[in-house]
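Analysis of the macromolecular model
Each chain is listed here by its residues.
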Amino acid sequence: MKLQPLAIIALILFAFNAYAHDGLHEQIVAVTAEIKKSPEDPGLFLKRAELYRLHKDWRSSERDLNKASKLDPKLTIIDLKRGKLFFDRQMFRRARIVLERYTAAEPGAFEGALMLGRTLAKLGDESAAARSFTRAIDLAPLDSVEIYVERATALAAAGKIEDALNGLDAGLLKLGPLVTLQTLAIELEVDRRNYDAALQRLDVVAAQMPRKESFELQRGEILLKANRACEARTSFLKAKEGFEKNSTFRRNVPAVKAQISRLERHLAQTSTMNCN
Amino acid sequence: MKRPLFAVVLIAVFSAAVLFAQTATRGPYLQMGSSSAMTVRWRTSTATDSRVQFGNAAGNLTQSVSDAALTTEHEIRVTGLIANTKYFYSFGSTSTVLGGNDSDHFFYTSPNLGDTVPFRAWIVGDSGTADANARSVRDAYLSYNGATYTNLFLMLGDNAYNSGTDPEYQAAVFDMYPTILRRTPLWSTIGNHDTSQSTNPPSDLPYFQAFTLPIAAEAGGVASGTEKYYSFDYGNAHFICLDSMTSSRAPGSPMLTWLESDLSQNTQPWIIAFWHHPPYTKGSHNSDTEVELIEMRANVLPILESWGVDLVLAGHSHSYERSYLIDGHYGISTTFTQAMKKNPGGGRENIDGPYRKTAVTPNLPNQGAVYAVAGSSGKISGGTLNHPAMFISLNNLGSMVIDVNNDRLDARFLRENGTVADNFTIIKGGSPVIPPNAPTGLTAFRLSNSVINLSWTDASDNEDGFKIERCKGVTCTNFTPVAIVGAGVTTFASVGNRPNATYRYRVRAFNAGGYSMPTRSAFGRTMKK
């Protein structure tokens, strides 16, 4: 029995792929064995389709989804699985169609809302994406910081800064004073030149942190943008005091080095000011 | 007729009592230990209220915390504790003590922030097989550890195969490690099998149901707002748990924003990070081809290294792979260069010296970290095991034991048979050590058909020893170590060579500061047979 060259190449490629995703491959083999025992179980085909998708074996994944659909045409979850498959393949328009159908059929499904939000964001329909993210947040099984950020980013991209900030504040209320949400909120406040609000938010973050110097630097930079140069200089001097107490190690951390460099520039820039 | 009726009633009452008797079906197990608090969790067969009694001596539990809510999943946060103190405890309901109040149920609170109290951590990765393999790894550790208190218990993900279901968690975690779980707080990171491969896990995911992990900096660090990634402090060490499975690993993502903030606020000298997907591996997974591994390496390591991370632990590959002390390797394995090794040795005190992070360049970040894959606590799956960043790669079952004592970290890979198959030491602080001068005047003289004698001149007075390296052929460059000899030694007999063959030798001096440049190479040709 002679193997054809193409077959040999395919075998090598499969072996390489299998090796690269050992855990997935094991599971595909296991589910395939289950399918042999229960060839009419659509759940098993769905399970294997998901594993094939993670394995980036799009064709096999689609084939299993088709099979599951044939076995049980009423299974709405197939649309979610197809949506995820299209999303991974960056076929966002097709993903949108099936995910919209899925979320209409299953309005209480968290993952459907989340995937639709991400798909709409990729398609540039930020307002619709934000609505979908809001639904995902309402349905979120876990307190997911990421979805709040994704929603705010979509809203900001759609020019709805106020809504974006309200959304972040809702997250802060629910999840606590998280630096991840407040950082984005500060950026948005600065972008819309609402400097006092940005400073207030910065104070909230800084209050929780033992090291204040980087926040003093940021405070000074916001004040500079607000044309409050003397207040800015006061903040820069406080930041300088803080950085000088840092160990040599900290002062050499690239991120801190960059901050110190910015601080020195700002101090030089504000040195000739008469702030008395 | 009265007697049979009485018997029936008696049996019915007895059966009801048995049926409704509260028993602990899971735990107790400890979570989120800090210097002032500890969470005690357990599961019961029937819903009851919850109570933990605690005190400084078994038999004398003077304080208690209760929760009136009826539940089978009990969770009591004991607060107001004194740092670095031993507490005994019992658990149950307000009417029944289910267990404890004996010498077997106790814990130590964490030391105060920054205290240099020695501590031990036990680390298992991909341990969730619930079989003889996992048991042998566990028993090897319990035997090795003896009566020493284990301060921290880390799980590197894939804690319960195959899909992280509740029964699988029961078998692979709670029934597997009951002794350590009731004495030592467990800190876990999430693996692909804990979510059944999902990147958007559902609300009832057993991993999140079973564990209580920090979301609001309950044990130190900066609040992450999620149990998926978090940090905590233990004495003079800062531990960072990341989520390589379900959270975005992209630059600017919430996890990385949080990470930078957390690191910028850290005040502890030791930084130990852990997550599931390893940045470097050539075991059952390949860090050159898999997206989670690539992204963690490319996006997370630059941040961690710039803030001075010391040790990174991961699983996923079912093997043990441990790197040199390295820095700056963010590409695929073929881009690894010798210059990325901050120390070309194994970090073994008795052989080539420990890794000294301030030895070469004092007080600077990016002085190197050790990366360990410890994913063989439940099974081994082989692989090529040849990642060039690794000092050692083993296809053996085992776990890691880490001891931190002030400015010293000792790590061991403990095999399932009780032997220590790898060890290394990292030392921080102290005066910088300057590497020794290179030895000079290496000569090679053939003595027989298999022995070549070497001699050289010692050009330094601060070496810890010399490393002799050899390769075969006149133009060879693939030097491999032949032997290490002590300080002041200037001769060596290289045995076991092939007859009538040419070998190329070079010698380097070393100390805690690193290796000298090698001598100019010398050639020796063995005699014919």
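Helix and strand content of chain B: seven helices and 30 strands. Each of the three principal axes of chain B carries a C-alpha extent, and together these read 110 × 50 × 45 Å. Taken over 529 residues, chain B has a buried fraction of 52%. Of the contacts made within chain B by residues no fewer than 6 positions apart, 70% connect residues no fewer than 24 positions apart.

A separate point is the packing of helix H5 (residues 77-88) of chain A against helix H7 (residues 110-122) of chain A. All names here are of chain A. It is at 10 Å that the axes of H5 and H7 come closest, and there the two elements cross at 30°. As the angle between them shows, H5 and H7 are arranged roughly parallel. For the element pair H5 and H7, the recorded crossing hand is left-handed. Across the interface between the two elements, Leu80, Gly83, Lys84 and Phe87 from H5 touch Glu111, Gly112, Met115, Arg118 and Thr119 from H7. When grouped by side-chain class, the residues that make up the contact of H5 with H7 number three nonpolar, three polar and three charged.

This part is about the confidence of the model for chain A. Note: predicted coordinates in regions of low pLDDT should not be interpreted at a detailed level. Residue and element names in this part refer to chain A. Residues with a pLDDT of 70 or more make up 91% of chain A, whose mean pLDDT is 89. Within chain A, the element-level pLDDT minimum falls on helix H1 (residues 5-20), averaging 44, and the maximum on helix H6 (residues 92-105), averaging 97. Confidence over residues 9-22 falls short of pLDDT 50; this stretch has 11 contacts with residues more than four positions distant or in other chains.

Time to look at the sheet that holds strand E27 (residues 491-494) of chain B. Strand pairing in a sheet relies on backbone hydrogen bonds. The paired strands run either parallel or antiparallel. All names here are of chain B. Strand order in this open sheet of three strands is E23-E24-E27, and the pairing throughout is antiparallel. Of all strands in the sheet, those with a lone pairing partner are strand E23 (440-446) and E27, marking the two edges. Each strand axis lies, on average, 20° off the axis of its neighbour in the sheet, ignoring direction. Bridging between strand E24 (residues 452-457) and E27 involves four bridges; their strand directions are antiparallel. Its bridge partner being in E27, Ser455 is matched across the sheet by Thr491.

All right, on to the sheet that holds strand E12 (residues 270-274) of chain B then. Residues and elements named next belong to chain B. With mixed pairing, seven strands are arranged side by side in an open sheet as E10-E11-E12-E13-E18-E14-E19. Two strands close off the open sheet at either side, each with one partner strand: strand E10 (230-234) and strand E19 (390-394). Averaged over all pairs of adjacent strands, the angle between their axes in this sheet comes to 15°, without regard to strand direction.

This next bit is on the nonpolar core. Inside soluble globular proteins, nonpolar side chains tend to come together where they are buried. In terms of nonpolar packing, the biggest core is built from 172 residues, with Ile123(B), Leu154(B) and Leu313(B) touching the most fellow members. Top element by residues in this core is helix H9 (residues 145-157) of chain A. It accounts for eight residues.

The subject of this paragraph is the interface of chain A and chain B. Counting residues at the interface gives 35 residues for chain A and 35 residues for chain B. At the level of secondary structure, the elements contributing two or more residues to the side of chain A that touches chain B comprise H1, helix H2 (22-37), helix H3 (42-54), H7, H9, helix H11 (179-191), helix H15 (248-252) and helix H16 (254-269) of chain A. Among the residues forming the side of chain A that touches chain B, the class breakdown is 18 nonpolar, 11 polar and six charged.

A few words now on the environment of Asp461(B). Mapped onto the elements, Asp461(B) comes out in the loop between E24 and strand E25 (465-472). Here the alpha-carbon distance between Asp461(B) and Ala487(B), two residues 26 residues apart in the chain, equals 8.6 Å.

Moving on: unusual backbone geometry. At the junction of Gly27(B) and Pro28(B), the peptide bond is cis and its omega measures out at 15° in the coordinates. Among the secondary structure elements, Pro28(B) is positioned in strand E1 (residues 24-31). The phi dihedral of Lys56(A) falls on the positive side, at around 65°, and the residue is not glycine. Its location among the elements puts Lys56(A) in the loop between H3 and helix H4 (58-71).

Further remarks concern helix H10 (residues 161-175) of chain A. All names here are of chain A. With 15 residues, H10 ought to run about 21 Å at 1.5 Å a step, and its terminal C-alpha atoms sit 21 Å apart, in line with that. Listed in full, the buried residues belonging to H10 are Ala164, Leu165, Gly167, Leu168, Gly171 and Leu175. Projected down its long axis, H10 shows its buried positions confined to an angular sector of 160°, all on one face. Exposed positions of H10 whose direction lies more than 90 degrees from the buried face are Glu162 and Leu173.

So, on to the pairing of strand E2 (residues 38-55) of chain B. The two faces of the sheet receive side chains in turn, since in a regular strand these alternate between them. Residues and elements named next belong to chain B. As paired elements, E1 and E2 share five bridges and run antiparallel to each other. When the bridges of E2 are listed, Gln31 appears paired with Thr39. Hairpin connection of E1 to E2: six residues between the antiparallel strands, including Met32 at a positive phi of 50°. Sheet topology note: the E2/strand E3 (residues 63-78) ladder contains 12 bridges and is antiparallel. Looking at the pairing, Thr39 lines up with Arg77 of E3. Bridging between E2 and strand E4 (residues 86-92) involves five bridges; their strand directions are antiparallel. Bridge pairing in E4 places Arg51 opposite Gly92.

Let us look at H3(A). All names here are of chain A. Between its first and last C-alpha, H3 extends 19 Å over 13 residues, near the 18 Å set by a 1.5 Å rise per residue. Of all 13 residues making up H3, 12 are buried, and the element is well covered by its neighbours. Restricting attention to buried positions, one finds in H3 the residues Pro42, Leu44, Phe45, Leu46, Lys47, Arg48, Ala49, Glu50, Leu51, Tyr52, Arg53 and Leu54. Once H3 ends, the next one or two residues include Lys56, with phi positive near 65°.

We now examine the environment of Ala121(B). Take Ala121(B): it is sitting in strand E7 (residues 119-124). Not counting chain neighbours up to four residues away, the residues in contact with Ala121(B) comprise Asn151(B), Leu152(B), Leu154(B) and Ile402(B).

All names here are of chain A. The geometry of H5 relative to H6 is characterised by a closest axis approach of 8 Å and an angle of 160° between their N-to-C directions. When the axes of H5 and H6 are compared, the pair comes out roughly antiparallel. Considering only the axes of H5 and H6, their crossing is left-handed. Contacts from Asp79, Leu80, Arg82, Gly83, Phe86 and Phe87 in H5 reach Phe92, Arg94, Ala95, Val98, Leu99, Arg101 and Tyr102 in H6. When its residues are assigned to classes, the contact of H5 with H6 shows eight nonpolar, one polar and four charged.

What counts, and where the lines are drawn
- Each chain has its residues counted from 1, running along the sequence as written.
- For this description, chains carry letters from A and ligands carry numbers from 1, given in the order in which they are written.
- Residues qualify for local features only when their pLDDT is at least 70, as the model is predicted, and side-chain atom pairs are given and counted only at 80 or more; totals for whole chains, interfaces and linings, by contrast, use all residues.
- Numbering goes from the N terminus for both helices and strands, where a helix is a DSSP run of H or I of at least four residues and a strand is a run of E of at least two.
- As a rule, residues whose C-beta atom has 12 or fewer other C-beta atoms within 10 Å are exposed, those with 20 or more are buried, and those in between are partly exposed; C-beta atoms are placed from the backbone.
- A residue pair is marked as a contact if its C-beta atoms, positioned from the backbone, fall within 7 Å.
- Angles here are taken between N-to-C directions and fall from 0 to 180 degrees, while the axes themselves are lines fitted to C-alpha atoms, restricted in helices to the stretch in contact.
- An angle below 35 degrees is treated as roughly parallel, one above 145 as roughly antiparallel, one from 65 to 115 as roughly perpendicular, and anything else as oblique.
- Crossing handedness is defined as follows: a turn of the near helix away from the far one that is anticlockwise and smaller than a right angle gives a left-handed crossing, while the clockwise case is right-handed.
- For this classification, Asp, Glu, Lys and Arg are treated as charged, while Ala, Val, Leu, Ile, Met, Phe, Trp, Tyr, Cys and Pro are nonpolar and the rest, including Gly, are polar.
- A score from 0 to 100, pLDDT tells how confident the predictor is in each residue.
- Each pair of strands is called paired provided DSSP finds at least two bridges between the two strands.
- Residues enter a nonpolar core if they are buried, belong to Ala, Val, Leu, Ile, Met, Phe, Trp, Tyr or Cys, and are joined to the set through C-beta atoms within 7 Å.
- To estimate how far a helix should extend, the number of its residues minus one is multiplied by 1.5 Å.
- Taken from the helix axis, the directions to the C-beta atoms give the arc we talk about.

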